[in-house]
2 protein chains.
Amino acid sequence: MIQTPYLLFLGDAPDMLAAKVAIGIRDWRPENAVGQFRLEGCGADLGLTDMTLAEAKAAGAKTLVIGVANRGGVISKEWKKVLVTALEEGFDLAAGLHNLLRNEPDLVAVAEATGRSLHDVRVPEVNYPIADGKKRSGKRCLAVGTDCSVGKMYTAMAMERDMRERGLKATFRATGQTGILITGDGVPLDAVIADFMAGSIEWLTPDNEEDHWDLIEGQGSLFHVSFSGVTMALIHGGQPDALILCHEPTRSHMRGLPEYTPPSLEDLRDTALPLARIANPACQVVGVSINTQHMTEDEAKAYLAEVETRMGLPATDPYRFGSGKLVDALAAL
Amino acid sequence: MIQTPYLLFLGDAPDMLAAKVAIGIRDWRPENAVGQFRLEGCGADLGLTDMTLAEAKAAGAKTLVIGVANRGGVISKEWKKVLVTALEEGFDLAAGLHNLLRNEPDLVAVAEATGRSLHDVRVPEVNYPIADGKKRSGKRCLAVGTDCSVGKMYTAMAMERDMRERGLKATFRATGQTGILITGDGVPLDAVIADFMAGSIEWLTPDNEEDHWDLIEGQGSLFHVSFSGVTMALIHGGQPDALILCHEPTRSHMRGLPEYTPPSLEDLRDTALPLARIANPACQVVGVSINTQHMTEDEAKAYLAEVETRMGLPATDPYRFGSGKLVDALAAL
């Protein structure tokens with residue numbers, strides 16, 4: 001539906017964490033990213049070629065994808081100038097912001113005049129049901145985190161790739177804009193109406209073959225007070241058979257909440273598992289996924305070994321060392 | 001904003017639990033309820049005079065309030081006939097259903113032709129912020145339940161009345177359609193977009209005098225897989241200083257979920273308190289509120305005594321025996 005390949009718009013993202021959408025596209029569908037577009041003061045860099053709109057157009061780009069997520073999702077004046085020009089130069093636009101492209105009258109007017117498309121992947125297109133909690137066939141794995149932005153999507157994406165390479169039946173189930181932009185399908189959970197959150201996840205992960213695994217993208221954290229309700233709905237709507245604990249060990253406070261200290265992996269296990277067992281009494285914590293991007297390779301290996309001993313669970317950084325251990329654990333369930 | 005008094009529409013409610021909205025109005029603002037309107041097969045009865053629209057009009061009723069909540073909130077054809085006639089006979093309509101009055105073209109057309117108003121109290125009228133988790137001044141108490149519809153609203157309403165009678169500063173904070181219809185103000189939490197749930201509760205319970213208590217209406221249950229995300233957002237957005245545990249001891253399964261058994265009061269305490277302490281480390285469980293409507297008075301008293309011994313907490317049925325014990329516990333904090 002969204003035309004590829006993309007030019008990835010990074011805007012004035014303060015840091016790499018804010019460019020999660022663009023990073024995800026680069027890492028999981030690199031063939032779709034011809035370059036990056038950055039404004040002055042941008043603190044993010046994907047390592048792709050910096051391109052003007054004209055250069056990207058000449059390189060074949062069809063859609064300008066807004067690859068940054070702002071708190072509150074506001075489209076600034078600086079951004080707007082680029083987006084209008086992009087439409088005029090023949091790009092479609094795609095975004096997963098709260099502030100919808102289709103609600104910006106100037107963008108709508110230019111898109112209509114130029115015949116271009118505005119894709120808001122964050123907007124639910126389905127009337128989701130209220131969750132009924134009934135047991136579904138097939139297996140489900142959910143990534144839960146000590147914090148937001150600790151690698152839950154990466155973990156599920158990497159496991160899908162590894163499982164398919166092994167000939168196992170697996171489907172990544174996107175619950176956020178990055179995943180939806182990458183896979184073209186999913187539930188934009190943070191934009192779903194409260195009463196239908198759990199039902200939307202039941203809808204996303206329906207009855208399936210007994211040996212099929214849904215790998216559900218996690219959102220938020222039970223310990224992140226801004227978004228914990230979203231996480232709770234994933235745990236109960238997803239009724240997972242397996243939980244993967246995700247953690248970024250160098251973080252000193254919860255993302256966006258300077259007063260809040262991240263919990264330990266033990267805290268996460270002891271909080272998430274009893275809640276998951278309300279919906280699925282057979283649920284197990286099967287492994288740990290550590291985001292070691294701020295550690296040297298030696299530090300990362302030592303930390304993973306320590307976690308394995310302490311938690312009695314396989315631990316890996318799926319991006320750095322592959323997700324093989326986590327797939328082994330799922331296969332052994 | 002909504003003109004009083006009301007005629008309470010019970011429709012074809014299968015039972016009294018489905019008539020929660022109407023019961024709340026009758027019990028907390030009886031002067032606003034001139035009578036009830038029931039369709040054939042209605043299983044609910046408020047003990048009010050059954051009236052035709054014409055009789056209610058003659059008795060002074062200004063607004064027909066839809067006093068029943070259906071799963072999914074669909075306006076049936078049988079209901080529609082009554083609602084159209086009510087508009088034609090000069091009533092405003094008020095409802096808290098998911099399926100909005102304003103989205104029904106026939107109702108909108110008749111309301112415009114007759115100059116009547118359609119009030120959808122469920123629809124958020126505010127752009128709520130994302131929660132920032134910052135500590136707020138003043139005190140907050142939240143009712144949490146083992147299940148949905150166990151008396152959380154009643155508990156907070158009764159405590160507000162008792163606290164005001166004692167000269168204490170207290171404000172009931174409505175988070176559902178019944179509370180909003182009764183008080184004329186609040187957050188329709190189940191209709192709020194997922195990302196803004198906790199923020200809407202921060203907005204509803206802002207900084208206040210140090211000796212002021214917000215009595216926050218609970219929603220759903222951490223143990224009800226359809227709505228647990230909403231409950232989670234209340235616990236973290238409300239950052240309560242005090243929790244009241246609410247329970248209906250005769251229920252054999254979770255409301256609407258025949259496969260799920262209600263948890264014990266101990267399960268609720270041990271699940272809710274650690275989650276609440278993420279947002280407010282000083283949070284305490286201060287008391288237990290039991291809905292004893294399906295017990296004799298002797299049974300109720302024996303059960304409450306047993307709960308007090310077992311839990312080491314004051315326990316009462318606020319509707320039957322008053323909320324004095326719970327107010328004492330808050331005052332002692």
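Rules of the game
- Residues numbered from 1 in each chain as written.
- Chains lettered and ligands numbered in written order.
- Predicted model: local features only at pLDDT ≥ 70, side-chain atom pairs only at ≥ 80, totals over all residues.
- Heavy atoms only, no water.
- 1 Å grid on protein atoms, 1.4 Å probe; cavity = no way out; pocket = protein on both sides within 12 Å on 5 of 7 lines; lining within 4 Å.
- Points joined across faces, edges and corners; volume = space filled by probe spheres on them.
- Helix = DSSP H or I, 4+ residues; strand = E, 2+ residues; numbered from the N terminus.
- Nonpolar A, V, L, I, M, F, W, Y, C, P; charged D, E, K, R; others polar.
- Phe/Tyr/Trp six-rings, centres within 6.5 Å; stacked < 30°, edge-to-face > 60°.
- Buried < 20%, exposed > 50% of the residue type's maximum accessible area, 1.4 Å probe, protein only.
- Lys NZ or Arg CZ within 6 Å of the ring centre and 35° of its normal.
- Least-squares fit on C-alpha atoms with pLDDT ≥ 70 in both.
- Contact = heavy atoms within 4.5 Å.
- Buried area = accessible area lost by both parts, 1.4 Å probe.
- Salt bridge = Lys/Arg side-chain N within 4 Å of Asp/Glu carboxyl O.
- Polar contact = N/O pair within 3.5 Å; in protein donor to acceptor, adjacent residues only side chain to side chain.
- Pairing = 2+ DSSP bridges.
- Axes fitted to C-alpha atoms, helices over the stretch in contact; angles between N-to-C directions.
- Domains from an automatic or database assignment.
- Parallel < 35°, antiparallel > 145°, perpendicular 65-115°, else oblique.
- Right-handed = clockwise from strand over helix to strand, strands pointing away.
- Core = buried A, V, L, I, M, F, W, Y, C linked by side-chain atoms within 4.5 Å.

**As for empty space enclosed by the protein**
Residue and element names in this part refer to chain A.
Here is step 1 of the chain: As enumerated under the stated definition, the model contains one cavity of 30 Å³ or more in all.
Here is step 2 of the chain: Estimates place the volume of the largest cavity at around 30 Å³.
Here is step 3 of the chain: Forming the walls of the largest cavity are Cys141, Leu142, Ala143, Thr155, Ala156, Met159, Leu215 and Ile216.
Here is step 4 of the chain: Every element with two or more residues in the lining of the largest cavity is listed here: β6 (139-145), α5 (152-165) and β8 (212-216).
Here is step 5 of the chain: Here the residues of the lining of the largest cavity are counted per class, giving seven nonpolar, one polar and no charged.

**Some points on the packing of aromatic side chains**
Here is step 1 of the chain: If you walk through the whole model with that rule in mind, you get 10 aromatic pairs over all chains.
Here is step 2 of the chain: For the ring pair Phe9 of chain B and Trp79 of chain B, a centre distance of 5.3 Å and an interplane angle of 80 degrees mean the geometry is edge-to-face. Of this pair, Phe9 of chain B sits in strand β1 (residues 6-11) while Trp79 of chain B sits in helix α3 (residues 77-88); the two residues are 70 residues apart in sequence, bridging distant segments of the chain. Per residue, the accessibility class of Phe9 of chain B equals that of Trp79 of chain B, and both read buried.
Here is step 3 of the chain: Of the aromatic side chains, those joined through ring pairs into one cluster are Phe9, Phe37 and Trp79 of chain A.
Here is step 4 of the chain: In this structure, Lys57 of chain A is placed above the aromatic ring of Phe91 of chain A, and the distance from its NZ or CZ to the ring centre is 5.2 Å.

**Structural notes on the relation of the copies chain B and chain A**
Here is step 1 of the chain: The operation relating chain B to chain A is a screw motion whose rotation component is 180 degrees, with 0.0 Å of axial translation and a residual RMSD of 0.0 Å. As the rotation angle and translation indicate, the two copies are arranged about a two-fold axis.

**Quick notes on the interface of chain B and chain A**
Here is step 1 of the chain: Residue-level contacts link 38 residues of chain B with 38 residues of chain A.
Here is step 2 of the chain: Regarding the contact of chain B and chain A, the summed buried area is about 3100 Å², with carbon and sulfur atoms giving 62% of it.
Here is step 3 of the chain: Between the two partners, chain B and chain A, sit two salt bridges.
Here is step 4 of the chain: For Lys134 of chain B, the salt bridge goes to Glu259 of chain A, with nearest N and O atoms at 3.2 Å.
Here is step 5 of the chain: Taken together, the connections running from chain B to chain A amount to 12 residue pairs in polar contact (both at pLDDT 80 or more).
Here is step 6 of the chain: When residues of the side of chain B that touches chain A are traced back to their parent elements, those giving at least two are α7 (197-204), α8 (228-238) and α9 (265-279) of chain B.
Here is step 7 of the chain: Element by element, the count of residues in the side of chain B that touches chain A is highest for α8 of chain B, at six residues.
Here is step 8 of the chain: Counted by class, the side of chain B that touches chain A contains 22 nonpolar, nine polar and seven charged residues.

**Some thoughts on the sheet that holds strand β3 (residues 63-66) of chain A**
All names here are of chain A.
Here is step 1 of the chain: Judged by pairing direction, the sheet is parallel, and its five strands sit side by side in the order β2-β1-β3-β4-β5 without closing on themselves. Edge positions in the sheet fall to β2 (33-38) and β5 (118-120), since each of these pairs with one other strand and no more. Averaged over all neighbouring strand pairs, the angle between strand axes comes to 20 degrees, with direction disregarded.
Here is step 2 of the chain: Summarising the sheet, strand β1 (residues 6-11) and β3 pair through four bridges and their orientation is parallel. Note that in β3 the partner of Phe9 across the bridge is Ile66.
Here is step 3 of the chain: Contacting β1, β2, β3, β4 (92-95) and β5, helix α3 (residues 77-88) crosses the sheet at an angle of about 160 degrees to β3.

**Considerations on the pairing of strand β4 (residues 92-95) of chain B**
Residue and element names in this part refer to chain B.
Here is step 1 of the chain: Covered by surrounding structure in β4 are Asp92 and Ala94 together with Leu93 and Ala95, the residues of both alternating faces.
Here is step 2 of the chain: When strand β3 (residues 63-66) meets β4, the two strands line up parallel, connected through three bridges. Opposite Val65, over in β4, you have Ala94 as the bridge partner.
Here is step 3 of the chain: Two elements, β4 and strand β5 (residues 118-120), share three bridges in a ladder whose sense is parallel.

**Observations concerning the pattern of salt bridges**
Oppositely charged side chains are able to pair whenever their charged atoms sit close together.
Residues and elements named next belong to chain B.
Here is step 1 of the chain: This model, assessed by the stated rule, comprises 42 salt bridges over all chains.
Here is step 2 of the chain: With a shortest N-O distance of 3.1 Å, Asp106 and Lys80 are connected by a salt bridge. Of the two residues, Asp106 is situated in helix α4 (residues 105-114) and Lys80 in helix α3; the sequence distance between them amounts to 26 residues.
Here is step 3 of the chain: The class of Lys80 is buried, set by a relative accessible area of 14%.

**Describing the domain arrangement of chain A**
Residues and elements named next belong to chain A.
Here is step 1 of the chain: Each assigned domain of chain A is listed with its residue range as follows: domain 1 (6-120) and domain 2 (139-332).
Here is step 2 of the chain: Residue-level contacts link 19 residues of domain 1 with 15 residues of domain 2.
Here is step 3 of the chain: Summed over both partners, the interface of domain 1 with domain 2 comes to about 1600 Å²; 58% of that surface belongs to carbon and sulfur atoms.
Here is step 4 of the chain: One can count three residue pairs in polar contact (both at pLDDT 80 or more) joining domain 1 with domain 2.
Here is step 5 of the chain: A total of eight residues in the side of domain 1 that touches domain 2 trace back to one element, the largest contributor, which is helix α1 (residues 20-28).
Here is step 6 of the chain: Considering only residue class, the side of domain 1 that touches domain 2 consists of 10 nonpolar, three polar and six charged.

**With respect to the packing of helix α5 (residues 152-165) of chain B against helix α12 (residues 324-332) of chain B**
Residues and elements named next belong to chain B.
Here is step 1 of the chain: At a closest axis distance of 9 Å, the pairing of α5 and α12 adopts a crossing angle of 70 degrees. Taken as axis vectors, α5 and α12 run roughly perpendicular relative to one another. Within the contact between the two elements, α5 uses Thr155, Met159, Asp162 and Met163 and α12 uses Gly324, Leu326, Val327 and Leu330.
Here is step 2 of the chain: Classifying every residue of the contact of α5 with α12 gives five nonpolar, two polar and one charged.

**A closer look at the pairing of β1 of chain A**
In the case of a regular strand, side chains alternate between the two sheet surfaces.
Residues and elements named next belong to chain A.
Here is step 1 of the chain: Buried residues dominate β1, accounting for six of its six residues.
Here is step 2 of the chain: Alternating positions in β1 separate into two faces, Tyr6, Leu8 and Leu10 on one and Leu7, Phe9 and Gly11 on the other, with burial throughout.
Here is step 3 of the chain: For the handedness criterion, the β-α-β arrangement of β1, α1 and β2 is classed as right-handed.

**Topic: the sheet that holds strand β7 (residues 169-173) of chain B**
Residues and elements named next belong to chain B.
Here is step 1 of the chain: Across the sheet, which stays open at both edges, the six strands sit in the order β7-β8-β6-β9-β10-β11 with parallel pairing between neighbours. Edge positions in the sheet fall to β7 and β11 (315-316), since each of these pairs with one other strand and no more.
Here is step 2 of the chain: Across six bridges, the pairing between strand β9 (residues 242-247) and strand β10 (residues 284-290) is parallel. When the bridges of β10 are listed, His247 appears paired with Ile290.

**A few points about the nonpolar core**
Here is step 1 of the chain: Grouped together as the largest cluster of nonpolar side chains are 100 residues, with contacts concentrated most on Leu243 of chain A together with Leu243 of chain B.
Here is step 2 of the chain: Core analysis: the next-biggest nonpolar cluster, separate from the first, contains 71 residues, Tyr6, Val65, Ile244 and Ala329 of chain B among them.

**A few points about the environment of Lys80 of chain B**
Here is step 1 of the chain: Placed 24 residues apart in sequence, Lys80 of chain B and Glu104 of chain B show a C-alpha to C-alpha distance of 9.3 Å.
Here is step 2 of the chain: Look past the residues within four positions of Lys80 of chain B in its chain and what remains in contact with it is Ile75, Glu104, Asp106 and Leu107 of chain B.

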